[in-house]
Amino acid sequence: MVKKILILTVVIFSMFSCSVDDNNNFEIETLPVKTADVPDAFVFGNTYTLTITYDLPSNCHTFFELFYKHEGSSRIVAVNSLVNTNLACTDEVTEIEYSFEVRAIQVEDYTFKFWKGKDNSGNDIFEEVVVPVTQ
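Cut-offs applied
Residues numbered from 1 in each chain as written. Predicted model: local features only at pLDDT ≥ 70, side-chain atom pairs only at ≥ 80, totals over all residues. Heavy atoms only, no water. Helix = DSSP H or I, 4+ residues; strand = E, 2+ residues; numbered from the N terminus. Polar contact = N/O pair within 3.5 Å; in protein donor to acceptor, adjacent residues only side chain to side chain. Contact = heavy atoms within 4.5 Å. Core = buried A, V, L, I, M, F, W, Y, C linked by side-chain atoms within 4.5 Å. Buried < 20%, exposed > 50% of the residue type's maximum accessible area, 1.4 Å probe, protein only. Phe/Tyr/Trp six-rings, centres within 6.5 Å; stacked < 30°, edge-to-face > 60°. Pairing = 2+ DSSP bridges. Axes fitted to C-alpha atoms, helices over the stretch in contact; angles between N-to-C directions.

**Q** Got a minute to help me understand the side chain of Gln106 in this structure?
**A** The residue Gln106 is located in the loop between β7 (94–103) and β8 (110–118) in this model. A polar side-chain atom of Gln106 sits 3.0 Å from a polar atom in the side chain of Arg75. Reaching out from Gln106, the side chain makes a polar contact with the backbone oxygen of Glu108 at a distance of 3.4 Å. With residues up to four places along the chain from it excluded, the contact list for Gln106 reads Phe44, Gly72, Ser73, Arg75 and Val133.

Now the structure itself:
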C-alpha cells in the first residue's frame, strides 16, 4: 500500500512539475561580493552571522542563492542571481545586504574566499579573510 501511495505521489508531482526546454527565459549569473562583515574569531561549536553586500546590476536580476562551497578549511562565497532574459532591462543597480549563518565545526582557521569577479585573463579574483578558531 505504501509503495502505491509513493508511486502515485511521484506521478502527480511529475505531471505538475516545470518542464525544462529551449524556451527558458532565465539564466543564472554569479555576482561578486562587494563587502563582507565577519567576526574577528570563532569559538569552536558556536554559530555566527556573516553579512555580505552585493549589487544587482539591473531590474532583471534577482537573488537566487548564496554560492557557498567548502574546500578543505576554506569557504568560497559568491551570489548566484537569476536573470530574466525575456524583459527589457534597465541598468538600475541595487545594493543588497545578505546575512547567513556559519557554525564553527572545525578547529582549523576558516579562510573565507569572497569572489570579486574575474581579471582580464578570465581568472577568478578572491578577497581572502582568515578567521581563527578558539576553543
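**Q** Can you walk me through the nonpolar core in this structure?
**A** Nonpolar side chains in soluble globular proteins tend to be buried together. Within the largest apolar cluster, 20 residues are counted, with the highest numbers of intra-cluster contacts made by Phe42, Leu50, Ile52, Val77, Tyr110 and Phe112. Of all the elements in the fold, those that place two or more residues in this core are β4 (47–56), β6 (74–84), β7 and β8. In terms of residue count, the dominant contributor to this core is β4 (5 residues). Non-local contacts of Val77, meaning those with residues more than four positions away in its chain, are made with Val33, Ile52, Leu66, Phe67, Tyr68, Phe100, Phe112, Lys113, Phe114 and Trp115.

**Q** Sorry, what's going on with the packing of aromatic side chains here?
**A** Any two aromatic rings considered together are summarised by their centre-to-centre distance and by the angle between their planes. Under the defined criterion, the tally for this structure stands at 9 aromatic pairs. Ring geometry for Phe42 and Phe112: centres 6.2 Å apart, planes at 85°, overall edge-to-face. On the criterion of sequence distance, the pair formed by Phe42 in strand β3 (residues 42–43) and Phe112 in strand β8 is long-range, its members being 70 residues apart. Among the residues examined, Phe112 registers a relative accessible area of 0% and is labelled buried. Summarising the aromatic geometry, the rings of Phe112 and Phe114 are spaced 6.0 Å apart at their centres and angled 15° between planes, so their arrangement reads as stacked. Comparing Phe112 with Phe114, the two get one shared label, buried.

**Q** Hey, could you run me through the sheet that holds β7 in this one?
**A** Read from one edge to the other, the open sheet built from 3 strands follows the order β2-β4-β7, with strand pairing classed as antiparallel. The open sheet has two edge strands, β2 (35–37) and β7, and neither has a second partner. Each neighbouring strand pair of the sheet contributes to a mean axis angle of 20°, computed without reference to strand direction. Note that β4 and β7 share 10 bridges and pair antiparallel. Bridging from a neighbouring strand, Tyr48 pairs with Val102 of β7.

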